[in-house]
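Residues per chain, in single letters:
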Amino acid sequence: MTGLATSRNRAAPHAASSSSSSSSAALRASVMRGLRAEVKTLSPALFYDAEGARLFEEICRLPEYYPTRTEHAILARHAGELAAHAGPGCALIEYGSGAGVKVRYLLDRLERPVAYVPVDISREQLLDVARERAGQYPGLRILPVCADYTTAFELPALPSSARRVAFFPGSTIGNFHPAEAGAFLRRVRHVVGRTGGLILGVDRRKDPRLLHAAYNDSAGVTAAFNVNLLTRLNREFGGEFNLDLFRHRAFFDDATSRIEMHLEARVAHTVCVGGEAIQFDAGETIHTECSYKYDRPRLEALAEAGGFRVEALYSDDRDWFWEAWLVPAETCCQNP
Ligand code: AVJ
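Predicted, not measured: the structure shown is a model, and the values here were computed from it.

How each quantity is defined
- Residues numbered from 1 in each chain as written.
- Predicted model: local features only at pLDDT ≥ 70, side-chain atom pairs only at ≥ 80, totals over all residues.
- Heavy atoms only, no water.
- Phe/Tyr/Trp six-rings, centres within 6.5 Å; stacked < 30°, edge-to-face > 60°.
- Buried < 20%, exposed > 50% of the residue type's maximum accessible area, 1.4 Å probe, protein only.
- Lys NZ or Arg CZ within 6 Å of the ring centre and 35° of its normal.
- Near = heavy atom within 4 Å.
- Polar contact = N/O pair within 3.5 Å; in protein donor to acceptor, adjacent residues only side chain to side chain.
- Areas by Shrake-Rupley, 256 points an atom, 1.4 Å probe, with all protein chains shown as cover.
- Helix = DSSP H or I, 4+ residues; strand = E, 2+ residues; numbered from the N terminus.

K.L.:
Give me the lowdown on the packing of aromatic side chains, citing residues and values where you can.
P.N.:
Two descriptors summarise a pair of aromatic rings, namely the distance from one centre to the other and the angle between the planes of the rings. As enumerated under the stated definition, the model contains 19 aromatic pairs in all. Ring geometry for phenylalanine 241 versus phenylalanine 246: centroids 5.6 Å apart, planes at 65°, classification edge-to-face. Overall, phenylalanine 241 belongs to the buried group, its relative accessible area being 6%. Take phenylalanine 246: its relative accessible area is 3%, and that puts it in the buried class. Site record: aromatic cluster; members linked through ring pairs are Phe47, Tyr48, Phe56, Tyr65, Tyr215 and Phe225. The ring of phenylalanine 280 has lysine 40 lying over it, and the distance from NZ or CZ to the ring centre is 4.9 Å.

K.L.:
How would you summarise the site of the ligand if you had to cite specific residues and measurements?
P.N.:
Taken together, 13 residues form the shell around the ligand, and within it Tyr65, Gly170, Tyr215, Glu289 and Ser291 come nearest. Separating an oxygen atom of the ligand from a side-chain N or O atom of tyrosine 65 is a distance of 2.5 Å. The separation between a nitrogen atom of the ligand and a polar side-chain atom of glutamate 289 is 2.6 Å. Contact with the protein chains covers 98% of the free accessible surface of the ligand, which is 350 Å². For the shell around the ligand, the secondary-structure elements that each account for two or more residues are helix 2 (50-60), helix 8 (221-236) and strand 11 (285-292).

Any functional reading would require information that these geometric values do not contain.
Here you go:
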């Protein structure tokens with residue numbers, strides 16, 4: 001393992017830092033903009049402070065929250081085929097390596113990978129993962145990059161002959177609005193180049209009752225995950241939210257094909273945040289997350305918008321989730 005490369009880009013407005021107790025001016029400004037807006041909105045990236053990351057891990061183990069274990073099952077079954085698509089001697093770049101172990105299915109099957117490049121905003125977690133993988137895959141070059149992968153970041157030097165394969169699991173792509181998702185894939189497309197590829201985890205459209213249950217679990221962990229955002233605003237952004245005055249709301253909207261999560265004010269009241277009065281009507285919400293669910297036409301439209309095409313799709317027995325293999329579209333653009 002070699003040293004840690006740090007993106008020269010300053011933290012992006014939506015970058016969520018898990019360690020500091022006071023956040024960057026840019027992040028603070030974007031939070032205040034979101035709270036002042038006509039439709040109050042915050043970035044889902046804000047969920048992941050230390051407690052939020054812990055709650056998310058707990059969500060992944062809930063009986064109702066199917067995506068994580070479904071994706072595991074797909075990877076366990078199809079990692080060999082995905083590795084064959086990637087081909088020998090590739091450099092594997094993981095977008096948002098987190099605490100995740102999904103990449104191990106691929107690393108176990110890839111033929112002589114030249115490097116593993118985990119990219120993550122959380123430096124601590126990134127270094128832990130890099131150390132752990134170094135122990136598990138002796139001889140594998142591990143080149144961690146601490147960066148907000150939603151912005152342009154600099155890759156470490158890789159052998160130019162190595163095919164670049166991006167890995168973006170977890171259906172995190174679902175957190176982007178379609179236009180943002182397209183723009184994000186275009187950046188990935190630029191990183192992997194004309195000969196690269198992308199292994200993308202995508203949550204599929206399904207019976208709305210299943211979706212509803214996954215975001216309204218009976219143990220209330222998703223509610224706690226959502227409300228934790230207010231705890232974070234109180235701690236890091238000078239918020240004075242009374243948590244008891246908000247409730248968790250999550251529902252599927254068929255027209256946009258997305259789950260929306262909101263924090264809903266139970267009563268009309270005013271909250272002071274960073275010295276500013278933020279007014280809530282009874283029933284007014286802060287929109288905290290979108291989680292888009294894809295079908296084939298939507299996925300193909302997304303791939304096309306990103307300069308890719310869908311070359312192979314792997315799903316589970318219940319057709320709930322996809323691990324997609326995307327390759328650059330021939331007709332994409334003049335990018336190298
Ligand atoms: C991490 C974005 C995939 O959208 O399902 C889980 C986050 N939000 N429960 C998702 C989440 C509520 C999750 N992703």
